[in-house]
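The residues making up each chain are set out below.
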Amino acid sequence: MEVAIEGLDSDVSILKKVKHDEEVLNPTSEGGSSVSLSSGNINSDTSYHDDDNEGDDMVDEEEEEEDDAFDYDDDGDYMFENIEEEEEDEEAHYLSMQAQFDNVDLPPGVEASFSWLKDPVPSTSVTGGASYTAAMDPQKIQEISISKGKGVASSSSTVVQEAVSGSVEKKEEVVEVESMKKFEEFKLFDIVNDFSDHHFNSAGFQGQQPPKSWTKKIQDEWKILEKDLPDSIFVRAYETRMDLLRAVMIGPAGTPYHDGLFVFDVHFPPNYPDIPPMVYYYSGGLRLNPNLYDCGKVCLSLLNTWTGKGNEKWMPKKSTMLQVLVSIQALILNANPFFNEPGYDNMYTGAEGEKKSRTYNEEIFILSLKTMMYTLRRPPKHFEELVAGHFRTRAHAILSACRGYMEGVPVGGSGLIGEGGSKSFKAAVAKMLNGLVSNFTRYGATGCDQYLPLPPL
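Residues numbered from 1 in each chain as written. Predicted model: local features only at pLDDT ≥ 70, side-chain atom pairs only at ≥ 80, totals over all residues. Heavy atoms only, no water.

Participant: Account for the overall build of the chain, naming residues and giving values.
Facilitator: Check the secondary structure of the chain and you find 10 helices and seven strands. For the chain, the proportion of its 457 residues judged to be buried stands at 42%. Put simply, of all contacts in the chain between residues at least 6 apart along the chain, 69% involve residues at least 24 apart. (Helix = DSSP H or I, 4+ residues; strand = E, 2+ residues; numbered from the N terminus. Buried < 20%, exposed > 50% of the residue type's maximum accessible area, 1.4 Å probe, protein only. Contact = heavy atoms within 4.5 Å.)

Participant: Summarise the side chain of Thr320; cite the residues concerned and give the values.
Facilitator: Relative to the helices and strands, Thr320 is located in the loop between strand 7 (278-281) and helix 6 (321-332). Overall, Thr320 belongs to the buried group, its relative accessible area being 13%. Ignoring anything within four residues of it in the chain, the contact list for Thr320 reads Glu221, Ile224 and Trp314.

Participant: Which residues make up the nonpolar core, and what values go with them?
Facilitator: Counting 42 residues, the largest nonpolar core has Val235, Leu245, Phe264, Val298, Leu325 and Ile328 as its most contacted members. No other element matches the six residues that helix 6 contributes to this core. Phe264 has contacts with Leu245, Arg246, Ala247, Met249, Val279, Tyr280, Tyr281, Leu292, Val298 and Ile328, leaving out every residue within four places of it along the chain. (Core = buried A, V, L, I, M, F, W, Y, C linked by side-chain atoms within 4.5 Å.)

Participant: Residues and numbers for the confidence of the model for the chain, please.
Facilitator: As a note on interpretation, predicted positions should not be read in detail where pLDDT is low. Considering every residue of the chain, the mean pLDDT works out to 76; 60% of them sit at 70 or more. Throughout residues 1-18 the model reports pLDDT below 50, and contacts reaching past four residues in sequence, or to other chains, amount to 68 contacts. Between residues 114-136, whose pLDDT stays under 50, and residues either more than four places distant or in other chains, the model counts 85 contacts. (pLDDT = per-residue confidence, 0-100.)

Participant: Give a detailed account of the packing of aromatic side chains, specifying residues and quantitative values.
Facilitator: Tallying each qualifying case throughout the model produces 17 aromatic pairs. On the basis of an interplanar angle of 90 degrees and a centroid distance of 5.0 Å, the ring pair of Phe365 and Tyr405 is categorised as edge-to-face. Note that Phe365 is positioned in helix 8 (residues 350-377) and Tyr405 in helix 9 (residues 384-406), a separation of 40 residues in sequence. Judged by its relative accessible area of 0%, Phe365 is buried. Through a chain of ring-to-ring contacts, three or more aromatic side chains come together here, namely Phe338, Phe339, Tyr344, Tyr348 and Tyr360. One residue, Arg241, lies across the ring of Phe195, its end atom 5.1 Å from the ring centre. Directly above the aromatic system of Tyr293 lies the positively charged group of Arg287, at a separation of 4.0 Å from the ring centroid. (Phe/Tyr/Trp six-rings, centres within 6.5 Å; stacked < 30°, edge-to-face > 60°. Lys NZ or Arg CZ within 6 Å of the ring centre and 35° of its normal.)

Participant: How would you sum up helix 9? Please name residues and give values.
Facilitator: Taking 1.5 Å per residue, 23 residues should reach 33 Å; helix 9 reaches 31 Å between its end C-alpha atoms and fits that length. A maximum bend of about 55 degrees is found in helix 9 at Arg394. A positive phi of about 110 degrees marks Gly408, the residue just after helix 9. (Expected span 1.5 Å × (residues − 1). Bend = angle between axes of the 7 residues up to and from the residue.)

Participant: Please provide a residue-by-residue account of the pattern of salt bridges, values included.
Facilitator: A complete count under the given rule lists seven salt bridges for this structure. Three or more residues joined by partner-sharing salt bridges are found here, namely Asp197, Arg246 and Asp265. (Salt bridge = Lys/Arg side-chain N within 4 Å of Asp/Glu carboxyl O.)

Participant: Could you give an account of the environment of Cys402, with specific residues and numbers?
Facilitator: Mapping Cys402 onto the fold places it in helix 9. The exposure class of Cys402 is buried, given its relative accessible area of 0%. Each C-alpha atom of the pair Cys402 and Val429 lies 6.5 Å from the other, and the pair is 27 residues apart in sequence. Excluding anything up to four places from it in sequence, Cys402 contacts Phe365, Leu369, Val429, Leu433 and Leu436.

Participant: Residues and numbers for the packing of helix 8 against helix 9, please.
Facilitator: Axis separation between helix 8 and helix 9 bottoms out at 12 Å; the angle between their running directions is 155 degrees. For the element pair helix 8 / helix 9, the angle class is roughly antiparallel. Here helix 8 and helix 9 pass one another in a crossing that is left-handed. Along its contact with helix 8, which presents Phe365, Leu369, Met372, Thr375 and Leu376, the element helix 9 presents Val387, Phe391, Ile398, Cys402 and Tyr405. Across the contact of helix 8 with helix 9, the residue classes break down as nine nonpolar, one polar and no charged. (Axes fitted to C-alpha atoms, helices over the stretch in contact; angles between N-to-C directions. Parallel < 35°, antiparallel > 145°, perpendicular 65-115°, else oblique. Left-handed = near helix turned anticlockwise from the far one by under 90°. Nonpolar A, V, L, I, M, F, W, Y, C, P; charged D, E, K, R; others polar.)

Participant: Provide a residue-level description of the pairing of strand 5 (residues 241-250), including the pertinent values.
Facilitator: Most of strand 5 is tucked away, with 10 of its 10 residues classed as buried. The pairing of strand 4 (residues 233-238) with strand 5 spans six bridges and is antiparallel. Along strand 5, the bridge assignment pairs Ile233 with Met249. Linking two consecutive strands that pair antiparallel, namely strand 4 and strand 5, is a turn of two residues. (Pairing = 2+ DSSP bridges.)

Participant: Outline helix 5 (residues 212-228), supporting the account with residue identities and numerical values.
Facilitator: For helix 5, built from 17 residues, the straight-helix expectation of 24 Å at 1.5 Å per residue is met to within 8% by its first-to-last C-alpha distance of 24 Å. What helix 5 keeps buried is the set Trp214, Thr215, Lys217, Ile218, Glu221, Trp222 and Leu225. Along the long axis of helix 5, the arc covered by the buried residues comes to 160 degrees, so they all point the same way. Across from the buried face of helix 5, at angles greater than 90 degrees, the exposed residues are Lys212, Ser213, Lys216, Lys223, Glu226 and Lys227. Contact partners of the buried residues in helix 5: strand 3 (189-192), strand 4, strand 5 and helix 6. (Arc of directions from axis to C-beta.)

In structure tokens, the structure reads:
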């Protein structure tokens, strides 16, 4: 009688059968019949006997060459093949393998079979042996077979899953460490090659050699940027396209743009510096400032795209690209962008102006959050490490600010709790919060779930 046990090798099963035959089935009886366990009939017979003509009943030569020890008979029963011990060291091999069976708790008359082996080989029938009936309920035998098989399979599966999980976690940890290292080492200014996604990549000298005076001026701009850039503005110049530049700046603290990243492409025209550079803003289709159009236009006196007086406008012999970038960050991304709209500072004064400015800041903050996710999902070329690292390190500050704004803190943090936060604004922040947590977590930030669930509005 057999019980299927997963996870042991085929040699052990064969030697266990030999030992079982010697120790259990030596007694004989005349005409006795045996009871075995089959897949279809619990009372089907399997008799064990000695036969001097064993070779007459063996399978043909092709079946004898098969490596595995099991096969199915016509009734679906497992049949053991009688094996001759031809080598003297087989007994020693048996003793070493027998230890693996010591912990298998089987009832008398029940044999261990191994259903995971591939190609079973039929056993020869032996006559004249005594029969033994299993002294156990067939249902219990079947339960033993199933439970032991499941136990070994479950254990093996758990080991594999733990190994795979550990490997994945270790790989993710290595990737995160490398990513953070690149972020920490990200240069404020650097020169790169690929300009394929630059907004002005089709502009320039169109195959003509730029004049030496122009080239020298651009090189001077590079030196100024490399030396004097603030730590919140990052620039990449292009070695083979000196007329192109890309800048990414962090939104200033205390404004509705805080912790955001804002991307600008720059083109130095052939007659630069007689005329100012051309600047394009990546808006993602959002108008989050009166001076930053959703079409990408940047409205600034220094760029001659807005009126100005004296040194507010571009001066060929004095103005620099660094001045342009700092002006965008300080004058456009300010704490009260509502008043960037021409005439509003005179039209809306006092309490009315402050109220309208707070309402505008709430609207702008929501657009800034959308810009964050837009930039995170589609980082500009050569700034991928900066974008990922920035939002990974600033995720908690951003989410904490969102919760504060939902509790009435004015956008930008200036003012008393309860002074800010209209009901529609709080609902809009709550709607954005789940997406922010999901995106920040996806790109490496940890512990963001603590800002959920949301408090009642």
